[in-house]
Amino acid sequence: MNATIEEVDQTQKLALGSGAQATTIPGIDLASLSTAKRTEVLQKLNSESCTCGCDLTVARCRVDDPTCGVSLPLAKEIVKQIAATP
């Protein structure tokens, strides 16, 4: 059996591949939402553009740059809006 070992730089940011969608969002707790609302939130976070200038979705910006001060309030507002809908 042939195997290769690849070293990964632990200091590099986690980056989603193109077309990938985040299902866990840094700084956002989705545990209290129903499965349907959690799915709706994730779809919106993965489709809404972040306004920090990164040209990424809110979800991808949160994953690639968890310290972004723009995407966190945007993400929280999306969760709040969807959680409040019946």
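Scroll up to find the structure.
Residues numbered from 1 in each chain as written. Predicted model: local features only at pLDDT ≥ 70, side-chain atom pairs only at ≥ 80, totals over all residues. Heavy atoms only, no water.

(A) Layout of the environment of Ile28. Locating Ile28 in the fold gives a position in the segment before helix 1 (35–45). Accessibility expressed as a relative area gives 13% for Ile28, which makes it buried. Setting aside its immediate chain neighbours within four residues, Ile28 contacts Leu72, Ala75, Lys76 and Val79. (Helix = DSSP H or I, 4+ residues; strand = E, 2+ residues; numbered from the N terminus. Buried < 20%, exposed > 50% of the residue type's maximum accessible area, 1.4 Å probe, protein only. Contact = heavy atoms within 4.5 Å.)

(B) Molecular detail of the pattern of salt bridges. Following the criterion strictly, the structure yields one salt bridge and no others. Here Asp64 ties to Arg60 by a salt bridge, and the two come within 3.7 Å at their closest N and O atoms. Within this pair, Asp64 and its partner Arg60 are both found in helix 2 (residues 58–64), separated by four residues, close to a single helical turn. On the accessibility criterion, Arg60 (22% relative accessible area) is partly exposed. (Salt bridge = Lys/Arg side-chain N within 4 Å of Asp/Glu carboxyl O.)

(C) Focus on the packing of helix 1 against helix 3 (residues 71–84). Running from N to C, helix 1 and helix 3 cross one another at 145 degrees; their axes reach a closest spacing of 10 Å. In the packing of helix 1 onto helix 3, the handedness of the crossing is right-handed. Of helix 3, the residues touching helix 1 (which contributes Lys37, Glu40, Val41, Lys44 and Leu45) are Ala75, Ile78, Val79, Gln81, Ile82 and Ala83. Residue composition of the contact of helix 1 with helix 3, grouped by class: seven nonpolar, one polar and three charged. (Axes fitted to C-alpha atoms, helices over the stretch in contact; angles between N-to-C directions. Left-handed = near helix turned anticlockwise from the far one by under 90°. Nonpolar A, V, L, I, M, F, W, Y, C, P; charged D, E, K, R; others polar.)

(D) Here's a closer look at helix 1. Three or more residues of helix 1 are buried, namely Lys37, Val41, Leu42 and Leu45. Seen along its axis, helix 1 keeps its buried residues to an arc of 135 degrees; they face one direction. For helix 1, the exposed residues lying more than 90 degrees away from the buried face are Thr35, Ala36 and Gln43. Of the surrounding secondary structure, the elements contacted by the buried residues of helix 1 are helix 2 and helix 3. (Arc of directions from axis to C-beta.)

(E) Looking closely at the nonpolar core. Counting residues in each nonpolar core, the largest one holds 16 residues, and the members touching the most others are Ile25, Ile28, Leu30, Val41, Leu45 and Val79. Within the residue set of this core, elements represented by two or more residues are helix 1, helix 2 and helix 3. Among the elements that take part in this core, helix 3 stands out by supplying four residues, more than any other. (Core = buried A, V, L, I, M, F, W, Y, C linked by side-chain atoms within 4.5 Å.)

(F) Region of interest: unusual backbone geometry. For Asp55, which is not glycine, the phi dihedral falls at a positive 60 degrees. Within the secondary structure, Asp55 is located in the loop between helix 1 and helix 2.

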